[in-house]
Every structure is written in structure tokens, then in C-alpha cells.
Amino acid sequence: MSNLSILYAFIGGAVVGAGAALLFAPEKGEDVRNRIAELLRKKGILCSDNEIDALVEQLTTEIDD
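Residues numbered from 1 in each chain as written. Predicted model: local features only at pLDDT ≥ 70, side-chain atom pairs only at ≥ 80, totals over all residues. Heavy atoms only, no water.

Glancing now at the environment of S5. Mapped onto the elements of the fold, S5 is located in helix 1 (residues 3-24). In this structure the C-alpha to C-alpha distance between S5 and L46, which are 41 residues apart in sequence, comes to 57 Å. (Helix = DSSP H or I, 4+ residues; strand = E, 2+ residues; numbered from the N terminus.)

With 14 residues, helix 2 (residues 29-42) should reach 20 Å at 1.5 Å per residue; the first-to-last C-alpha distance of 20 Å fits that figure. Burial in helix 2 covers these residues: I36, A37 and L40. An end-on view of helix 2 places all buried positions within 95° of arc, on one side of the element. Residues of helix 2 that are exposed and point over 90 degrees away from its buried face: L39 and K42. Lining the buried residues of helix 2 we find helix 3 (49-64). (Expected span 1.5 Å × (residues − 1). Buried < 20%, exposed > 50% of the residue type's maximum accessible area, 1.4 Å probe, protein only. Arc of directions from axis to C-beta. Contact = heavy atoms within 4.5 Å.)

Okay, structure coming up:
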């Protein structure tokens, strides 16, 4: 296999992988934070953007562990 063929295979795989990532990616982080903030407001809990970011970070850490 020539170096050019390997390069084309790599680029093709990258394009397919990027397309799959776009199709299967969850909502944008900003949208998720807005939904969390809205749900908390409906429950009567007021949070600043920094508090929402800290909450999302804590939840992400707990989920990853």
C-alpha cells in the first residue's frame, strides 16, 4: 500500500467518524445548562450561571466515576 493510499484511508475514516459524531452527539452544553437552569427555576431554585456550571461539572464527574 502506498503512502498516498494510507493518507486517503485516514482522511476517509476521519470524515466518516466526524459525520457519525455529529449524528449521535447529544445536545450542546449550553442547551443542557439552559434546560437545567429552567427546571431549577420552575422548582423555585434560583442559581447563577456559575452555580449551574459548577453543578454540571459535579454531575459530569459523578457520572464518569
